Amino acid sequence: MKKLLITLTSLCLLGGIAMACGCENNTGSATPTYGKKYLYPGYINDKDNNLYYIFNKDGTGIYADYEYSTTAQSGFYGYIINFDYKISGNRVVCTYNSVAKDYDKGNDSHYISSSWYMAFEISEDFLFFDEQYGTYVYICEDYLESIPEFGK
């Protein structure tokens, strides 16, 4: 009886989560703003740090990470990950394709695993992802025009 109750409770919980996430009756797919940067808000006006994603129409994209570091020899490290992506409903999954390093801004000692991936909720204006430290948002550079005082 206890097992049956736990199973039914679990199924109800999963059904509620699926409905809350819009997994039921999801008829469309979200589309990113192609060729534009989705910027990390904390670095929008920061000359030394930059994190962003760009999605191309052909199912590829790049993730760029340039950050000031006290441990890197040059003071900076930077790299670009080329990725492939797949959109399902309002979610996008980015998977590793290759790495390009930015030798002008940093050294090449930063190691990126070929098992790198990211999964986001996506819209034309935002990328969202959750992790143990909270929810992160990346803002499309086109949307910043509609909130001109943000980050000033």
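What this report covers is the structure whose coordinates are included nearby.

Basis of the calculations
Residues numbered from 1 in each chain as written. Predicted model: local features only at pLDDT ≥ 70, side-chain atom pairs only at ≥ 80, totals over all residues. Heavy atoms only, no water. Salt bridge = Lys/Arg side-chain N within 4 Å of Asp/Glu carboxyl O. Helix = DSSP H or I, 4+ residues; strand = E, 2+ residues; numbered from the N terminus. Buried < 20%, exposed > 50% of the residue type's maximum accessible area, 1.4 Å probe, protein only.

Observations concerning the pattern of salt bridges
Part 1 of the argument: As enumerated under the stated definition, the model contains 2 salt bridges in all.
Part 2 of the argument: Here Asp142 and Lys36 are joined by a salt bridge, their closest N and O atoms 3.6 Å apart. Of this pair, Asp142 sits in helix α2 (residues 141-144) while Lys36 is found in the loop between α1 (2-20) and β1 (37-39), placing the two residues 106 residues apart along the sequence.
Part 3 of the argument: Classification of Asp142 by relative accessible area gives partly exposed; the value is 32%.
Part 4 of the argument: Residue class for Lys36 comes out partly exposed when judged on its relative accessible area of 29%.
Part 5 of the argument: The closest approach of N and O atoms between Arg91 and Glu121, which form a salt bridge, is 3.2 Å. Of this pair, Arg91 sits in strand β5 (residues 91-101) while Glu121 sits in strand β6 (residues 117-122), placing them 30 residues apart in sequence.

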